[in-house]
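So you can see what is in the structure, the chains are spelled out below.
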Amino acid sequence: MTNLPPRLSTGISGLDAVLDGGLVPNRTYMVRGESGAGKTIVGYHFLTAGRENDEDVLFISFEESDADLRANAETLGFDLSEVPILDLGPSPEAFLDDEAYTMLSPGEVEGKSTANELREAIEEHDPDRVVIDPLSQLGRLSSDRYQFRRLVSSLLSYLKRSGATTLFTSQPSSGDTDETLAYLCDSSISLSRSDSGRSVRIEKFRGSDSQAGPHGMRIDGGHGMRVFPRLVPDSHHREFTIEPLSSGIDDLDALLGGGIERGSITLVSGPSGVGKSTTGAAFARATAERGERAAIYLFEESKRSFRHRSESIGIPIDDLVEAGDLRVDAVEPLSLSTDEFAQRVRAEVEANDTKFVLIDGTAGYQLSLTDERSDIRRELHALARYLKNMGVTVVLTEEVQQVTGAFHASDNHVSYLADNILFIRYIEVRGEIRKAVGVLKKRFGGFEPTLRSFEIGTDGITVGEPLDGLRGILTGTPTWNEAE
């Protein structure tokens, strides 16, 4: 079996994992994307990682000046003071002298001079890592496609022979420059940017494997670029024992046949205001009181509101939050991709050995998380399966739009994810609005096949006796049995 050389880090959090450990040395890598996608930032990371590893580096720029590159890098937290930059961009003098900026046409002195500058810089610095930004600029300055392809192929071969690992950028255009570069490189990384967020995809990775994408991506000051690999549930597993877990409410546990099982997924569904979040909070508090860490992710309510409401209905959580046994995290709408949120949950589970996760509510999850993919249910499925594989007990809450009338367990078609389905609904009894709770499904055991009254007061949740005297409860307008 051939031993591959040690991988080179890209310097980008998460991208090395997508690349199955990093870049293969002494190869050429293309980073493509529209203007503003973050191509140059990849170069910043790549060269900075090289300097941190005591490698020699070189930045070759065909657009931005030396001063602009260093200033722009500094705003994102990069120090390029020790990175040599070869500035091959057009000078103001060329415009003032009314000269055409040419570089590669046969017989033109400037073209020969630029080729010499490239060779001299490579020989002087003998770089381990090289960034060329953008290499596609040569296509716009070349006299024809054949000459462009010949020169790029020669340049990349020369860099390989020199022992360098080369990363170059390209911006798609109406011509075939970008496709020519994609053909000549060993590997290709594609960056995209849209109203729904940023993402990265590995389109080609010669001689190695990589994770299929797209993967969520973020660019911000102080961190530069961060990549959030798509969650692959089957790659994660933790041994655990399936056992019933209490909600802390005896009658609710009785309805559930003893509680919900460790490592199971429970869907709590019902219309707005019926008590779904409160029920989820009860399970979270019971988990924390057992000495196991729980985490709550709010998609439709602020942390302050949730904590105040929990206190007012007899399910206080502040003490558990302060003790570090419970985390409450409100997700700001349209601030995260599904991949970034999954990474946040994964970090919580693996760093803190978290045993319970409440995702409050699934509709908010679909609306709040930015993503270019059309079916976010697949991402929720992957996250829920990951948590289940790790032995984490999961509760999902879902709001159904219909208050009364025909019964629906789910409006968003996520009920298939659930091992258990607990529903709460409004009913009208003799002109009075009440609530009923029941279990529709339980995968790991039996449950009570009755409906019980459900109330939330200052002392928390009260699950009453079975509603034996009523029929047609699932219609929302039950009637009394004739015997009553």
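Scroll up a little and you will see the structure.
What you see is a predicted model; the values in this text were computed from it and never measured.

Turning next to the packing of aromatic side chains. Using the criterion set out here, one finds 6 aromatic pairs in the structure. Geometrically, the ring pair formed by Tyr 44 and Phe 78 is tilted, given 5.5 Å between the ring centres and 50° between the ring planes. One end of the pair, Tyr 44, is in helix H2 (residues 39–52); the other, Phe 78, is in the loop between helix H3 (66–75) and strand S3 (85–87), and 34 residues separate them in sequence. What makes Phe 78 buried here is its relative accessible area of 8%. When the ring of Phe 299 is compared with that of Tyr 365, the centres are 5.6 Å apart and the planes differ by 75°; the resulting orientation is edge-to-face. Linking Phe 299 in the loop between strand S13 (294–298) and helix H11 (303–312) with Tyr 365 in helix H14 (residues 362–368), this pair joins segments that are 66 residues apart in sequence.

This brings us to unusual backbone geometry. In this structure, the amide linkage connecting Asp 133 to the following residue, Pro 134, adopts the cis form with an omega of -15°. By the element assignment, Pro 134 lies in the loop between strand S4 (129–133) and helix H6 (137–141). Cis rather than trans, the peptide bond between Asp 360 and Gly 361 has omega equal to 25°. In this structure, Gly 361 sits in the loop between strand S15 (356–360) and H14. For Asn 26, which is not a glycine, the phi torsion comes out positive at approximately 60°. Along the polypeptide, Asn 26 turns up in the loop between helix H1 (15–18) and strand S1 (28–32). With a phi close to 60°, Asp 54 is a non-glycine residue in the positive phi region. Inspection of the secondary structure assignment puts Asp 54 in the loop between H2 and strand S2 (57–61).

Residues Glu 117, Glu 120, Glu 123 and Glu 124 make up a contiguous surface patch of negative charge. Structurally, the position occupied by Glu 123 is in helix H5 (residues 109–125). On the basis of relative accessible area, Glu 123 is assigned to the exposed category, the value being 52%.

What counts, and at which threshold
- Residues numbered from 1 in each chain as written.
- Predicted model: local features only at pLDDT ≥ 70, side-chain atom pairs only at ≥ 80, totals over all residues.
- Heavy atoms only, no water.
- Phe/Tyr/Trp six-rings, centres within 6.5 Å; stacked < 30°, edge-to-face > 60°.
- Helix = DSSP H or I, 4+ residues; strand = E, 2+ residues; numbered from the N terminus.
- Buried < 20%, exposed > 50% of the residue type's maximum accessible area, 1.4 Å probe, protein only.
- Patch = residues over 30% accessible without salt bridge, like charges linked within 9 Å, V, L, I, M, F, W, Y side chains within 5 Å.
- Areas by Shrake-Rupley, 256 points an atom, 1.4 Å probe, with all protein chains shown as cover.
- Salt bridge = Lys/Arg side-chain N within 4 Å of Asp/Glu carboxyl O.
- Lys, Arg positive; Asp, Glu negative; His and termini not counted.
- Charge placed at Lys NZ, Arg CZ, Asp CG, Glu CD.

Everything listed is a geometric property; what it means functionally is a separate question.
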